[in-house]
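Coordinate analysis (summary)
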Amino acid sequence: MEVDELSQREKEYTVQHFGFDPSIIVEELSEDSVEHLSSVLGKMKEQIKKKKAGRFDEEELERCISVLEKKYTEYFTKKFTVLGAYMNKSIFKIPPHTVLKEDAAWDNLKQSDANLRLLSVNAEMEKMRERYKTSLHKRKYLRDYLEKLRQICIRQEETIHKEVALKEKYGLPQSEEILGYIRSKESKMSSRLQGLRYVQGKRRNTEVSLFSREKRAKLESDIKQCVDEVRVKSMQYTM
């Protein structure tokens, strides 16, 4: 177990130093060789079929080509495995006393101090991971919330367009102007009526009368009739 962990740490250190995994080189060479072998054997088979047509058993040819491909694939795989081991041992080997620049902070530290600093760093990284998870959750929540707001705005715009279309269809904009005009007239008439009543009450208190009882009654009747007509017209436009 300790040997596996040590090998894993050495591999990680090698990747950190070179910036890539050296084993990839051998793997790619091995894959390219096997693909080239398969291509060559395939061309050989086609040439045999073309030049020796009718002089051999095709099933036997397929079996022989398959055997050759399997045999040489195993051969190449074995050779490249040996090559990979040699490269890891002699070329891409990081000496145990070597410290990379980014790891210089750990140099000349006692094992106990290094362990404490490692624990502290791991704890800080765990906090950063938790903050990152929280940020991701908040971002998802805000995105969903913004999408809901966008849908609400779309529905509001659709409702506004429908309302405008209905008003234009039934002439409601002109009706609203007429209603506004009627309401303003009603307000003015009501104000005048209140003023007249105030004057009437004041005159009664001072016992001064400019109009006869019949004229005052007729004037109040006319004003009340005018106000009622304005209200009726206002209700008709509203309906």
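Definitions and cut-offs
Residues numbered from 1 in each chain as written. Predicted model: local features only at pLDDT ≥ 70, side-chain atom pairs only at ≥ 80, totals over all residues. Heavy atoms only, no water. Helix = DSSP H or I, 4+ residues; strand = E, 2+ residues; numbered from the N terminus. Expected span 1.5 Å × (residues − 1). Buried < 20%, exposed > 50% of the residue type's maximum accessible area, 1.4 Å probe, protein only. Contact = heavy atoms within 4.5 Å. Polar contact = N/O pair within 3.5 Å; in protein donor to acceptor, adjacent residues only side chain to side chain. Salt bridge = Lys/Arg side-chain N within 4 Å of Asp/Glu carboxyl O. Phe/Tyr/Trp six-rings, centres within 6.5 Å; stacked < 30°, edge-to-face > 60°.

**Points about helix H3 (residues 58-90)**
- Taking 1.5 Å per residue as the helical rise, H3 with its 33 residues ought to reach 48 Å, and the 48 Å between its terminal C-alpha atoms agrees with that figure.
- Looking only at H3, the buried set comprises Leu-61, Ile-65, Phe-80, Gly-84 and Met-87.
- Residues of H3 that are buried in the fold lie against helix H2 (23-51).
- Backbone nitrogen of Glu-59 and a side-chain oxygen of the N-cap are separated by 3.2 Å at the start of H3; the cap is Asp-57.

**Thoughts on the pattern of salt bridges**
- On inspection of all chains with the given rule, the structure shows seven salt bridges.
- Measuring nitrogen to oxygen at the nearest pair gives 3.2 Å for the salt bridge that ties Glu-62 to Lys-45. In this pair, Glu-62 is assigned in helix H3 and Lys-45 in helix H2, connecting sequence segments 17 residues apart.
- By relative accessible area, which is 33% here, Glu-62 ends up partly exposed.

**Description of the packing of aromatic side chains**
- Applying the stated criterion to the full structure yields three aromatic pairs.
- Both rings, one in Phe-20 and one in Phe-92, keep their centres 6.2 Å apart while their planes meet at 80 degrees; by these two values the pair is edge-to-face. Taken as a pair, Phe-20 in the loop between helix H1 (2-18) and H2 and Phe-92 in the loop between H3 and helix H4 (111-170) lie far apart in primary sequence, 72 residues in all.
- The exposure class assigned to Phe-20 is partly exposed, which follows from its relative accessible area of 35%.
- With relative accessibility at 11%, the residue Phe-92 sits in the buried group.

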